[in-house]
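Commentary on secondary and tertiary structure
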Amino acid sequence: MEEKTRGVGFARVLAFLGIFCLSLLLAPTGRAQAASTKTRAIKAYKTFLKKEQKAQGSGASAKAFSLAYVDDNSVPELYYDGTLYTYRGGKVVTLLEPVGSEMISGYYKKKGIVTVTYAHTQHAYTIYYKIKGKKATEVLRYQWDISSESNWTPVETYLYKSNTVTETVFNARLKKLVGSKKIKYFKDSVHTNTASNRKKYLK
């Protein structure tokens, strides 16, 4: 009986060692695949920006780009001329594009949250979008209004999934989404779309 128990125990150890060794073999493969996807994405972004520079001609100097690690993987997104792009299926595709006078203002690194801002003298708002795959969904919105109806006193509105909530609830929801991460503003990291900048910053 004792020998049989030992045999079962030894078999379990061998099985565990086999699984452990297999995991060690597969881990580098996963990292290599991610690195390979990033390399292809960077190459695609360079080609995309080169075509944009050629199409814009002299106006290309006013267009700027930046890499941003928006979602939780090792492949960056591309911010260019106010629009956010991503690499999917071997192509550069639009991920989030502002409407009218809106501006994609910032993001929380690897948390999948991007902010879009609009500002006017009497009306302003910031929308927090959750990025998942190729889809951007509004989850939070902060709105600021001032008018004669409020005796020119600013009125702040907080919304979570289109429902009005308190500032406390709003902040709690935001913290749940981004944790302790601080927002990164695109204006602080953009570069003009030139060949030298593409070579220097797209890597």
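Everything below is about the structure printed above this text.
Residues numbered from 1 in each chain as written. Predicted model: local features only at pLDDT ≥ 70, side-chain atom pairs only at ≥ 80, totals over all residues. Heavy atoms only, no water.

**Quick word on the sheet that holds strand β6 (residues 113-119)**
Note the cut-off: Here, strands pair whenever DSSP counts at least two bridges between them. In DSSP terms, a helix is any run of H or I states spanning at least four residues, a strand is any run of E spanning at least two, and both are numbered starting from the N terminus. Contacts are assigned to residue pairs with any non-hydrogen atoms lying within 4.5 Å of each other. Helix axes are fitted to C-alpha atoms over the stretch in contact, other axes to C-alpha atoms as well, and angles between N-to-C directions run from 0 to 180 degrees.
Read across the open sheet, the seven strands follow the order β10-β9-β8-β7-β6-β5-β11; overall the sheet is antiparallel. Since the sheet does not close on itself, it has two edges, and those belong to β10 (163-165) and β11 (184-185), each with one partner. Its contacts with the sheet put helix α2 (residues 167-178) on β5 (103-108), β6, β7 (123-132), β8 (135-145), β9 (155-160) and β10, and the angle it makes with β8 is roughly 150 degrees.

**Some words on the pattern of salt bridges**
Our working definition: Salt bridge, as applied in this entry: a Lys or Arg side-chain nitrogen positioned within 4 Å of an Asp or Glu carboxyl oxygen.
Following the criterion strictly, the structure yields four salt bridges and no others. Among the ionic pairs, Arg88 bridges to Asp71, the shortest N-O distance being 3.8 Å. Of this pair, Arg88 sits in strand β3 (residues 83-88) while Asp71 sits in the loop between β1 (64-68) and β2 (77-80); the two residues are 17 residues apart in sequence, bridging distant segments of the chain. Two residues, Lys187 and Asp188, come together in a salt bridge whose shortest N-O distance is 3.2 Å.

**Brief notes about the packing of aromatic side chains**
For clarity, the threshold we go by: Between the rings of Phe, Tyr and Trp (Trp by its six-membered ring), a pair exists once the centres lie within 6.5 Å; its type follows the angle of the planes, with under 30 degrees stacked, over 60 edge-to-face, and the other angles tilted. Only protein chains enter the calculation, and the probe is 1.4 Å; a residue is then buried if its accessible area is under 20% of its type maximum, exposed if over 50%, and partly exposed in between.
Under the defined criterion, the tally for this structure stands at eight aromatic pairs. Plain terms: the ring middles of Tyr79 and Phe186 are 4.2 Å apart, the flat faces sit at 10 degrees to each other, and that makes the pair stacked. Here Phe186 lies in the loop between β11 and β12 (191-192) and Tyr79 lies in strand β2, a separation of 107 residues in the sequence. Look at Tyr79 and you get buried, because its relative accessible area is 10%. For the ring pair Tyr128 and Phe170, a centre distance of 5.8 Å and an interplane angle of 75 degrees mean the geometry is edge-to-face. Placement of Tyr128 in strand β7 and of Phe170 in helix α2 is noted, with a sequence separation of 42 residues between them. Phe170 carries the same exposure label as Tyr128, and that label is buried.

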